[in-house]
Amino acid sequence: MRKTLADLPLAQIHYYNEIGSTNSLGLKMSSEGAPEYTLLVAESQTAGRGRFARRWLTKPGASLAFSLVIHPNRKEIQKLALFSPLGALAVCAAVIDQCGIEAEIKWPNDVLLDGRKTAGILAEAAWDQNELKGLVLGIGVNLLHASVPPENEILFPATCMQAHCSQPIRAESFLKSIIANLIHLRSLLQNDKFISHYQNWLAYIGEAVSLSKTGSETVTGTLLGVNNQGELRLKLPGGNIMEFAAGDLSLRLRN
Ligand code: ATP
């Protein structure tokens, strides 16, 4: 793996056969001063996490699970909310590079293939009082069939790269492509191009969707896209347009 990743500007590469969560360790390492582009890769996670402490399931030998430590600069700190979409955009770009197929992003950051979730992203910040000690971008991708969890363990249909890609899936080159794309797309964060890439890969544009808070009310409307902060724009049934920050909202296609 080190050989495959050698061209990338990674400060450190840590590989684990089994770990609780690469993000949890990445946060700890960030607090202790881990440099920019410290990479943590795991063969298996026993406590992989998604948003709101939900579980992210990985299967040894079939999933890709890694976290990257990033030190956002002063300008990027104004755009922290765009770092988890950045992870999703990097996965979409890698899917094109590796398989030649188009993925989509279920706002804010789930990567879908044929409408099913194939990658999840978790961006978490390590703070010391008001000082940002690092941002940890965790990315989990279902590569091979065995990585797709049983339906009763997940809240949204899932799939994997192998189900949609005619070429063999090589975890290391896919990892390399995600990181290389991430570094390139990060350089566009201050630029309108970043949001237009996000908009282009967004799923459900023009379709009727619902947005719900865990255990709370649901808003329905037509999905218009994202604004320049990455907030979701919905046209409500009365015609008003509302914008929503990601927070703890879940997006679904209305049936
Ligand atoms: P939602 O789609 O409900 O908005 P989310 O974006 O908050 O969810 P994440 O935090 O990215 O989801 O991931 C956690 C959720 O993903 C879990 O609740 C589970 O339903 C689902 N999940 C867990 N592991 C996998 C996996 N390997 N493949 C696909 N889905 C998974």
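Residues numbered from 1 in each chain as written. Predicted model: local features only at pLDDT ≥ 70, side-chain atom pairs only at ≥ 80, totals over all residues. Heavy atoms only, no water.

Participant: How should the nonpolar core be read in this particular structure?
Facilitator: Nonpolar side chains in soluble globular proteins tend to end up buried together. If you look at the biggest cluster of nonpolar residues, it comprises 65 residues, and the most contacted ones within it are L39, W107 and I178. Ranked by residue count, the leading element in this core is helix 3 (residues 83-99), at eleven residues. Counting only domains with at least three residues in this core, you end up with domain 1 (12-200) and domain 2 (208-251). In contact with W107, other than residues within four places in its own chain, are Y198, L202, L211, V226, G230, E231, L232, F244, A245, A246, L249 and L251. Residues Y16, M29, A34 and A42 belong to the second largest nonpolar core, which totals seven residues. (Core = buried A, V, L, I, M, F, W, Y, C linked by side-chain atoms within 4.5 Å. Buried < 20%, exposed > 50% of the residue type's maximum accessible area, 1.4 Å probe, protein only. Helix = DSSP H or I, 4+ residues; strand = E, 2+ residues; numbered from the N terminus. Domains from an automatic or database assignment. Contact = heavy atoms within 4.5 Å.)

Participant: Please clarify how helix 3 should be interpreted in this entry.
Facilitator: Because an α-helix packs 3.6 residues into every turn, residues spaced three or four apart end up facing the same way. Between its terminal C-alpha atoms helix 3 stretches 24 Å, which fits the 24 Å expected from 17 residues at 1.5 Å a residue. When you tally the buried positions in helix 3, you get 14 out of 17 residues, the bulk of the element. Trailing helix 3 by a residue or two, G100 shows a phi angle of about 70°, which is positive. (Expected span 1.5 Å × (residues − 1).)

Participant: I'm lost on the domain arrangement of the chain in this one. Help?
Facilitator: By a widely used convention, the size of an interface equals the accessible area lost when the partners come together. Segmentation of the chain into domains returns domain 1 (12-200) and domain 2 (208-251). Computed over C-alpha atoms only, the centres of domain 1 and domain 2 are separated by 23 Å. With ten residues of domain 1 at the contact, the number on the domain 2 side is 19 residues. When domain 1 packs against domain 2, the two sides together hide about 1100 Å² of surface, and 60% of this comes from carbon and sulfur. A per-residue breakdown of the area domain 1 buries against domain 2 is headed by F52, W107 and Q199, which together make up 53% of the total. Linking domain 1 to domain 2 there are zero salt bridges. The interface formed by domain 1 and domain 2 includes six residue pairs in polar contact (both at pLDDT 80 or more). Counting residues per element, the side of domain 1 that touches domain 2 draws most heavily on helix 5 (residues 192-201), at three residues. (Buried area = accessible area lost by both parts, 1.4 Å probe. Salt bridge = Lys/Arg side-chain N within 4 Å of Asp/Glu carboxyl O. Polar contact = N/O pair within 3.5 Å; in protein donor to acceptor, adjacent residues only side chain to side chain.)

Participant: Please explain the site of the ligand as it appears in this structure.
Facilitator: Near the ligand, the surroundings consist of 18 residues, among which R51, K106, N142, L155 and R252 are the closest. For the ligand, the protein covers 97% of the area, taking 650 Å² as the surface of the free molecule. With respect to the detected pockets, the ligand is housed in the largest pocket. Grouping the constituent residues of the shell around the ligand by class yields seven nonpolar, four polar and seven charged. (Near = heavy atom within 4 Å. Areas by Shrake-Rupley, 256 points an atom, 1.4 Å probe, with all protein chains shown as cover. 1 Å grid on protein atoms, 1.4 Å probe; cavity = no way out; pocket = protein on both sides within 12 Å on 5 of 7 lines; lining within 4 Å. Sits in = over half its atoms within 2 Å of the grid points. Nonpolar A, V, L, I, M, F, W, Y, C, P; charged D, E, K, R; others polar.)

Participant: Quick question: what am I supposed to make of the layout of surface pockets here?
Facilitator: Over the atoms, a rolled probe matching the size of one water molecule traces out where space is still vacant. Of the voids in this model, the largest pocket is the one considered here, and its volume is about 650 Å³. For the lining of the largest pocket, the elements supplying multiple residues, two or more each, are helix 1 (22-31), strand 3 (63-70), strand 6 (116-128), strand 7 (131-142) and strand 12 (249-253). Among the residues making up the lining of the largest pocket, the classes are represented as 17 nonpolar, 13 polar and nine charged. Both of domain 1 (12-200) and domain 2 (208-251) provide at least three residues apiece to the lining of the largest pocket. (Points joined across faces, edges and corners; volume = space filled by probe spheres on them.)

Participant: Is there a simple way to think about the state of the cysteines in this case?
Facilitator: One covalent bond between the sulfur atoms of two cysteine residues makes up a disulfide. Scanning all chains against the criterion turns up one disulfide. C99 shares a disulfide with C165; S-S distance 1.9 Å. An S-S torsion of about -105° defines the bridge between C99 and C165 as left-handed. Of the two residues, C99 sits in helix 3 while C165 sits in the loop between strand 7 and helix 4 (171-186), which places them 66 residues apart along the sequence. For the residue pair C99 and C165, the accessibility class agrees, reading buried in each case. The structure places no disulfide on C160, whose sulfur is separated from the nearest cysteine sulfur, that of C165, by 10.0 Å. (Disulfide = S-S within 2.5 Å.)

Participant: Sorry if this is basic, but what is going on with the packing of aromatic side chains here?
Facilitator: The description of an aromatic ring pair uses the distance of the two centres, along with the angle that the planes make with each other. Considering all chains together, one arrives at zero aromatic pairs under this definition. The ring of F156 has K106 sitting right over it, with the charged end atom 4.8 Å from the ring centre. (Phe/Tyr/Trp six-rings, centres within 6.5 Å; stacked < 30°, edge-to-face > 60°. Lys NZ or Arg CZ within 6 Å of the ring centre and 35° of its normal.)

Participant: Quick question: what am I supposed to make of the side chain of S63 here?
Facilitator: Note that S63 resides in strand 3. You can call S63 buried: its relative accessible area is 11%. One polar contact links the side chain of S63 to the main-chain amide nitrogen of K59, over a distance of 2.8 Å. Apart from the residues lying within four places of it in its own chain, the contact partners of S63 are T58, V141, L143 and S147.

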